[in-house]
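As a plain string of letters, each chain reads:
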Amino acid sequence: MLDDTIAAIATPLGEGGLAVIRLSGAEALAVADRSFAPAGEGSVKPSAAATHTIHFGHVVRDGQTVDEALLAVMRAPRTFTREDVVEITCHGGILAAKMVLDTVLANGARLAEPGEFTRRAFLNGRIDLAQAEAVADLIHSRTELALRAANEQLAGKLSQRINKLRDEMLETLAHVEAHIDFPEEDIAPDTLSQLIARLEHGVAFMDELLRTAHEGQILRRGIRAAIIGRPNAGKSSLLNQLLGHDRAIVSAIPGTTRDTIAETANIRGLPVVFIDTAGLREAGDEVELEGVRRSRETLQQAEFILHVFDAAEPLTPGDEQHLAEFADKKRILVRNKIDLPARLQFPSGLEAPLVDVCCLTGQGIEPLKDAIKELVWSGEIKAGMLQVMINSRHQDALNRARAATLLTLEALRENKTLELVALDLRIAVNAVGEIVGQTTTDDLLDLIFSQFCIGK
Amino acid sequence: MGCQTLLLTINADTVGQMSCNPAIGGLAKGHLTREIDALGGEMARTTDLTGLQFRMLNRKKGPAVWAPRAQCDKKAYQFRMKWVCERQPNLDLRQAQCSRLLHKDGRVFGVETTLEVEYHGKTVIMTTGTFLKGLIHIGQNQQSGGRSGEAAALGVSASLIEIGLELGRLKTGTPPRLLRRSIDFSKTEAQPGDDPIPYFSYWRDELFHVEHSDLDLGGKTAQPTTAGKFHVEHRVGYPPGSILERLSGQLPCYITHTTAETARIIRSNLHKSPLYSGTIQGIGPRYCPSIEDKIVRFSHKEEHQIFLEPEGISTDEIYVNGFSTSLPFDVQIELVKTIVGCENAEILRPAYAIEYDYCFPTQLYPSLETKVCRNLYLAGQINGSSGYEEAAAQGLMAGMNAARRVRDLEPVVLKRNQAYIGVLIDDLVTKGTTEPYRMFTSRAEYRLLLRQDNADTRLCKLGYEIGLLPKRHYLLFEAKQKAVDTEIQRLEETRCGSQTLAHLLRRPGVGYSDISSTDSSLSDDVILQVENAIKYAGYIARQETEVARMKNLEDKQIPPGFDYADVPSLRIEARQKLIKIRPATLGQASRISGVSPADIGILSVWLKRGSANIPSPAG
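For clarity, every value in this text was computed on a predicted model and none was experimentally measured.

S.K.: Summarise the sheet that holds strand S4 (residues 67–72) of chain B; cite the residues concerned and give the values.
M.R.: All names here are of chain B. Read from one edge to the other, the open sheet built from three strands follows the order S2-S4-S3, with strand pairing classed as antiparallel. Both outer strands of the open sheet, strand S2 (23–25) and strand S3 (51–57), are each paired with one neighbouring strand and no more. Ignoring which end each strand starts from, the neighbouring axes of this sheet average 15° apart. Of the pairings in the sheet, the one linking S3 to S4 comprises six bridges and is antiparallel in character. Of the residues in S4, the one forming a bridge with Met56 is Pro68.

S.K.: Could you give an account of the environment of B:Val65, with specific residues and numbers?
M.R.: On the secondary structure map, B:Val65 appears in the loop between S3 and S4. Between the C-alpha atom of B:Val65 and that of B:Leu102, which follows or precedes it by 37 residues, the distance is 45 Å. Here B:Val65 is in contact with A:Ile180, A:Glu419, B:Asn58 and B:Thr441, once residues within four sequence places are set aside.

S.K.: Give a detailed account of the sheet that holds strand S3 (residues 36–38) of chain A, specifying residues and quantitative values.
M.R.: Pairing between the strands of a sheet comes from backbone hydrogen bonds, and it takes one of two forms, parallel or antiparallel. All names here are of chain A. In space, the seven strands of this open sheet follow the order S3-S4-S5-S6-S2-S1-S7, with mixed pairing throughout. Edge positions in the sheet fall to S3 and strand S7 (110–111), since each has one partner strand and no second. Bridge count for S3 against strand S4 (residues 53–61) is three bridges, and the pairing is antiparallel. Across the sheet, Pro38 pairs through a bridge with Gly57, a residue of S4.

S.K.: Kindly report on helix H17 (residues 537–555) of chain B, identifying the contributing residues and their values.
M.R.: Relative to the 27 Å expected for 19 residues at 1.5 Å per residue, H17(B) spans 25 Å between its end C-alpha atoms, a close match to the ideal helical length. Of all bends in H17(B), the biggest is about 40°, found at B:Arg549.

S.K.: Break down the domain arrangement of chain B for me, with residues and values.
M.R.: One frequently used descriptor of interface size is the decrease in accessible area upon assembly of the parts. By the assigned domains, chain B splits into domain 1 (5–171 + 356–461), domain 2 (177–189 + 253–350), domain 3 (488–542) and domain 4 (556–611). Measuring from the centre of the C-alpha atoms in domain 3 of chain B to the corresponding centre in domain 4 of chain B gives 45 Å.

S.K.: An account of the pairing of strand S15 (residues 253–257) of chain B is requested, with residue identities and associated values reported.
M.R.: Residues and elements named next belong to chain B. With four of five residues buried, S15 is to be regarded as a mostly interior element. As paired elements, strand S14 (residues 189–191) and S15 share three bridges and run antiparallel to each other. Note on S15: the bridge partner recorded for Glu189 is Ile255. One ladder, built from four bridges, connects S15 with strand S16 (residues 305–310); its direction is antiparallel. Across the sheet, Ile255 pairs through a bridge with Phe307, a residue of S16.

S.K.: Describe the confidence of the model for chain B, with residues and values.
M.R.: All names here are of chain B. Across chain B, the average pLDDT comes to 90, with 94% of residues at or above 70. For the stretch residues 212–234, pLDDT sits under 50, and the model shows 32 contacts to residues farther than four places along the chain or on other chains. Per-residue pLDDT stays below 50 along residues 612–619; that stretch engages in six contacts with residues further than four places along the chain or on separate chains. Scored by ipTM, the complex comes to 0.84, with pTM at 0.75.

S.K.: Talk me through the packing of helix H1 (residues 29–38) of chain B against helix H13 (residues 455–465) of chain B; I want residue IDs and the actual numbers.
M.R.: All names here are of chain B. Packing of H1 against H13 brings their axes to within 8 Å, and their N-to-C directions diverge by 35°. By crossing handedness, the relation of H1 to H13 is classed as right-handed. Residues His31, Arg34, Glu35 and Ala38 of H1 lie in contact with H13, whose contacting residues are Ala455, Asp456, Arg458, Leu459, Cys460 and Gly463.

S.K.: An account of the environment of B:Arg416 is requested, with residue identities and associated values reported.
M.R.: Residues and elements named next belong to chain B. Along the chain, Arg416 turns up in the loop between helix H11 (388–406) and helix H12 (420–431). Note on Arg416: 25 C-beta atoms within 10 Å, which makes it buried. Taking the C-alpha atoms as reference points, Arg416 and Arg443, separated by 27 residues in sequence, lie 9.8 Å from one another. Beyond its immediate sequence surroundings of up to four residues, Arg416 is in contact with Gly422, Val423, Asp426, Glu445 and Tyr446.

S.K.: Just give me the short version of helix H14 (residues 441–451) of chain A, but keep the residues and values in it.
M.R.: An α-helix turns once per 3.6 residues; consequently, residues spaced three or four apart project the same way. By the burial criterion, the buried members of H14(A) are A:Leu444, A:Leu445 and A:Ile448. Taken end-on, H14(A) shows its buried residues confined to a sector of 95°, consistent with a single buried face.

S.K.: Any details on unusual backbone geometry? Residues and values, ideally.
M.R.: In this model, A:Ala76 is joined to A:Pro77 through a cis peptide bond whose omega is 5°. Residue placement: A:Pro77 occurs in the loop between strand S5 (64–74) and strand S6 (85–91). Omega for the bond connecting B:Asp195 with B:Pro196 falls within 30 degrees of zero, at 0°, which places this linkage in the cis form. The phi dihedral of B:Ser248 is positive, around 55°, even though this residue is not glycine. B:Ser248 sits in the exposed class, given 8 other C-beta atoms within 10 Å.

Parameters and conventions
Residues numbered from 1 in each chain as written. Chains lettered and ligands numbered in written order. Predicted model: local features only at pLDDT ≥ 70, side-chain atom pairs only at ≥ 80, totals over all residues. Pairing = 2+ DSSP bridges. Helix = DSSP H or I, 4+ residues; strand = E, 2+ residues; numbered from the N terminus. Axes fitted to C-alpha atoms, helices over the stretch in contact; angles between N-to-C directions. Contact = placed C-beta atoms within 7 Å. Expected span 1.5 Å × (residues − 1). Bend = angle between axes of the 7 residues up to and from the residue. Domains from an automatic or database assignment. Buried ≥ 20, exposed ≤ 12 C-beta atoms within 10 Å, placed from the backbone. pLDDT = per-residue confidence, 0-100. Left-handed = near helix turned anticlockwise from the far one by under 90°. Arc of directions from axis to C-beta.

Structure representation (structure tokens):
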């Protein structure tokens, strides 16, 4: 537990354009070898590299390039943890970092517990006594947060599905174990084909869960933010500023954006899907009418709204109507075109945060990003890094469960004896149990005694 | 170990008397017995000499889960145990009933008996079985008693409470005993013993070549033999002085079953069962339910399997395995007649349920010493366990550790990857139990390492070093181990075509005798260990990797006086549990329910902080 190889995203949430994935442990270099293809003439694989050197190449998973990256090799003991350490620097933002993390986890690293790098550093004598208390607090606070996030998530559908999977696997294990521990009871034996069918069903179920976990609802979808405002207030320009490149068609003609445009941007490390809506106004033609209808739908799904106003124009009845209409939505009021003479007057009593920007120059965009991060992290929108990390945990555990179940199936097909079948099956059940925080032995015995009439 | 020891028992004739079925072994329990043997304990040897039927269970499964089981002659077993105690140097066997513990300043220094005699000692071990405030139930009839026909121990519970121990109540039960001649065995299926006989003891040659007992079990005194000492293949007949020798073979047990009539009678009399009327408060074991429990809980089963097992060769009492009940005697008489083959059966002793006091085992250190009272050790059913083997294992460890205390030595604590005994005690003192705790192989996470064939490899060295295993046994073990190691090496190195012999042996269905080059001088025990080590090699390596992964945690000691209140950031539940259980190692702490990996992380940091001699920052 204390000396396997661990990995985690080491950079703070979404600060900066780069992310660092750190690996530590005896297998760190071996894991790096399996995850990283060095590029260029005379390049060497990580385990052959000298200590404290940096290498360029690609993070590769199943033959597919995940990201371009720099990989730093630091051999023990001159490292943060005094173990072999590898740091992979990749593109910032959760998506890239998460995919690199997934790659190293798939190649043999274990997701680090909160504070585990620091803990190892301390245990290996790398950091001194004065820091111990801080470490303990760190482990504590991160865990509390993680637990809270986990509970929220586990209260939902995921936990139902995981529990169902675990129940099925445990039941199969109970059959096997009952036969081992109670040979003299007349327990109707499961046929080989029954056991295999149940386990194959389990694997299919894991695959399905892994698929959803892999796509990761939050990651796939991000946090949805709708950009609204009356035509030509500068919604598309704002989107372009947030994305950092020209994507939406921008013109001075109202109603240019005829369809909704959704783009994912990395806002302080959080995946935010910005949906540029067609202007909310009385439509002039059929196409526009459709655009408006879609905009309304988009608004229903959005977790928050960026409401854009033209600072150079007085509030129109349309603006007022929108302000009233979305009073109960999470929103940020964005006052665009502040380079022009101000003629906009907001009614009093608006509680939403207000940010001034100029989409032409980019002025105010950074403060807007801060405002978005603050809004998202106030906890009222269910998303964020923690849940993403929890997903990695689930994924890690499910992958281990799947591998062990496949070994179980192999053992069954090769007609191995029951105690060998039980060994891998138990590893699988334990791994699934980790996700929902359940241990196996007591539940297993409960199940055996409730299902089989034991009592010679 | 050389300590002057006094053994007090309520009745000297009942030392080693088996209250329930006189059977030793079975799954996990057989493993425990082999471990006790490897540590120098007596149970395996006495079983071998007093068994009337021997079987190796689970032969169809892999050898890791094979388990020896023996049906013993009840009286022969207990009288041999008594004789062993009488002959044991430094041990005084005395008939007396302990009424209270003598203690001062949190230390025990002796016991007082009901005759108001005080015995003083440096350490005291309590093994109370079902006698602590034992209450026997047969229907609505309740009688104080520790076992059928024996008085309960009434004074000691109060003394334990006064010391500061918390007691709970458990329940167990036993079936009726029938008269052999009233049973029609032709309607049942005979279950013979195994041939060759799977003896329990690792020192088998001694069973055959050393005079064991002056006890005349059947008029035929054991003849000292001088025949070749270690030639297993020349072993003929049965151990001198054994029950088997007297029988010239084994006795069968019989398998039969209940009928629809059994279920009908139970259903119509359920209200008379103290279990269902609520009279019994104690919690019974789920793995050994009463017949009324089985009928109610598994109503879809039309018949339940029953084993008819002889209690001995000098008695016609038959144990009705699987038929434990607390229904009234008149219902029992009716009930046994519904079992196939028992239509005219006569009950010699009625079935009963018994409730008794036990001490929550989380109040013990892994050495089995109580936390509240120094030098006081508890073992067996008082710790919430069930079964002779579980009790014997604890008795052995408690005795060992009490003796080591007297000598000012550190206690011996077996690890979970080392022995079922380690699993047993760790489970009890770490998790506690709310039903009588029985060992199952599924409780052991390293099942493939803890096999019945290799208990000697795991434990003999320890047994010898602490002074329990005699030197002659240890030398035999060393010779055997050397033979095993040499043969494994030979198989790994010898090629047959393109493959090693070990490689061939690893194939499913291939046994040692199937390979082209064997060593015919090897005993069956050696061959079995060689086969297992080679066939399981991949799996064993995986389990050993897992053990190594946990080693840091298991080895990390937590000082006895460690102050959990001092550690910031522990969750409240974890802190409370840690303060209560006071685990000896981080590994033990990690197994406490309610202690999370994060708590273990914090603890490990704090322990390091405590042990590191880094000067603390200014102030």
